[in-house]
Amino acid sequence: MRIVRTVADVRAAVREARSQGASVGLVPTMGALHDGHLSLIRQARADNDLVVMSLFVNPTQFGPTEDLASYPRDEARDAQLAADAGTDILFAPPVEEVYPSGFATTIHVAGITDVLDGAHRGSHHFDGVATVVTKLFQMVGPDAAYFGQKDAQQVLVIRRLARDLDMPVRIVACPIVREPDGLAMSSRNVYLDAAARQQATALNRALDAAETTVRSGETGADAVIAAARTVLTGAGIEPEYLELRSAEDLAELDRVDGQALLAVAARVGAARLIDNRILEATP
Ligand code: AMP
């Protein structure tokens, strides 16, 4: 695995592989790698000749009161894990390479960014995500890019972005990878102390309860959300949001009809966690 830090170097490496007919897969990450990230790398490895993983803690997607400064960083560990999972090129640019002085452009995806994390973290969040992902696509020029369903709204934003701007890249969404007790893997789980770590399992259990409710034939949004909320309340968690929305365009739903996304965000101990589940009514 090669580590490159400049746009010129990542372009040159990709150009060389392409000249030999290689297909290129990109896995954007902010590092602090866990099995969720590694599942994306493995999928990219299975689908492509050249796998590029970017490692960049993108400052523009963090709000002023968020955890940019304390976000876990360990490049040597990440490089080892990325290499073992099949990465060919680790692209780890410094902030000035991505945002040189005078940088003045923002990509804004309207509509679907107004709800859930867009509403609760603020519009800067998905503007930062859309802008950095657009830049990474321009820098690397991948055939396919891999994202986790853990960040379900992010996947929708990036699909819309790629479609609206005619980006010649296939967006691949990969399933949520969980700890044995169901907690969705996240770089932010390191912020949880033992008590909060136990409490955090309630997010997945709440989604399970909602799914069980739908399976039993009760598809009304109020009942589905109430089933999840009961589990959260029982664990002492007051969600930031817990909403049932269309899995395609995040429109509000009053019942599970087609594919519905039940999305939750909550502060648990020192971490802000998100999780979600696609719910489908059985005919
Ligand atoms: P991050 O480093 O948090 O920006 O995440 C990089 C990519 O990994 C994003 O596409 C995430 O959705 C994905 N990811 C993070 N956690 C998981 C997980 N538990 N399962 C699957 N994908 C994940």
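Residues numbered from 1 in each chain as written. Predicted model: local features only at pLDDT ≥ 70, side-chain atom pairs only at ≥ 80, totals over all residues. Heavy atoms only, no water.

(A) Quick look at the nonpolar core. Counting 49 residues, the largest nonpolar core has V52 and F137 as its most contacted members. Mapped onto this core, the elements with two or more residues apiece are α1 (7-19), β2 (24-29), β3 (50-55), β4 (89-91), α6 (123-140), β5 (144-148), α7 (152-164) and β8 (259-268). Sort the elements by how many residues they give to this core and α6 lands first, with nine residues. Residues lining this core come from more than one domain, with at least three contributed by each of domain 1 (2-174) and domain 2 (187-277). The contacts of V52, once residues within four sequence positions are left out, are V10, V14, V24, G25, L26, V27, I89, F91 and V140. One finds L183, L192, L232 and A260 within the second-largest nonpolar core, a separate group that totals 27 residues. (Core = buried A, V, L, I, M, F, W, Y, C linked by side-chain atoms within 4.5 Å. Buried < 20%, exposed > 50% of the residue type's maximum accessible area, 1.4 Å probe, protein only. Helix = DSSP H or I, 4+ residues; strand = E, 2+ residues; numbered from the N terminus. Domains from an automatic or database assignment. Contact = heavy atoms within 4.5 Å.)

(B) Structural detail: the site of the ligand. With respect to spatial proximity, 17 residues lie near the ligand, and among them M30, H37, D151, V177 and M185 are the closest. One of the backbone nitrogen or oxygen atoms of M30 is found 2.9 Å away from an oxygen atom of the ligand. Within the backbone of V177, one N or O atom sits 2.8 Å away from a nitrogen atom of the ligand. Burial of the ligand by the protein chains amounts to 93% of its free accessible area of 490 Å². A total of three residues in the shell around the ligand trace back to one element, the largest contributor, which is helix α2 (residues 35-47). Per-class residue counts for the shell around the ligand are nine nonpolar, six polar and two charged. (Near = heavy atom within 4 Å. Polar contact = N/O pair within 3.5 Å; in protein donor to acceptor, adjacent residues only side chain to side chain. Areas by Shrake-Rupley, 256 points an atom, 1.4 Å probe, with all protein chains shown as cover. Nonpolar A, V, L, I, M, F, W, Y, C, P; charged D, E, K, R; others polar.)

(C) Examining the domain arrangement of the protein chain more closely. Under the domain assignment, the protein chain is made up of domain 1 (2-174) and domain 2 (187-277). In this complex, domain 1 contributes 22 residues to the contact, which on the side of domain 2 involves 18 residues. Carbon and sulfur atoms make up 55% of the surface buried where domain 1 meets domain 2, a total of about 1,700 Å² over both sides. Connecting domain 1 to domain 2 are two salt bridges. The salt bridge involving D117 is made with R272; its shortest N-O contact spans 2.8 Å. Remark: the boundary between domain 1 and domain 2 carries nine residue pairs in polar contact (both at pLDDT 80 or more). Among the elements of the structure, α5 (116-121) and α7 are those that each provide at least two residues to the side of domain 1 that touches domain 2. Along the lines of polarity and charge, the residues of the side of domain 1 that touches domain 2 split into nine nonpolar, seven polar and six charged. (Buried area = accessible area lost by both parts, 1.4 Å probe. Salt bridge = Lys/Arg side-chain N within 4 Å of Asp/Glu carboxyl O.)

(D) Representation of the pairing of strand β6 (residues 170-174) within the structure. Pairing between β5 and β6: five bridges, direction parallel. What sits directly across from A144, in β6, is R170. Handedness of the crossover joining β5 and β6 through α7 is recorded here as right-handed. (Pairing = 2+ DSSP bridges. Right-handed = clockwise from strand over helix to strand, strands pointing away.)

(E) Examining the layout of surface pockets more closely. Computed from the structure, the second largest pocket encloses a volume of approximately 190 Å³. Taken together, 15 residues form the lining of the second largest pocket, with L55, F56, V57, R73 and E75 sitting closest to its centre. Split by residue class, the lining of the second largest pocket holds nine nonpolar, one polar and five charged. (1 Å grid on protein atoms, 1.4 Å probe; cavity = no way out; pocket = protein on both sides within 12 Å on 5 of 7 lines; lining within 4 Å. Points joined across faces, edges and corners; volume = space filled by probe spheres on them.)

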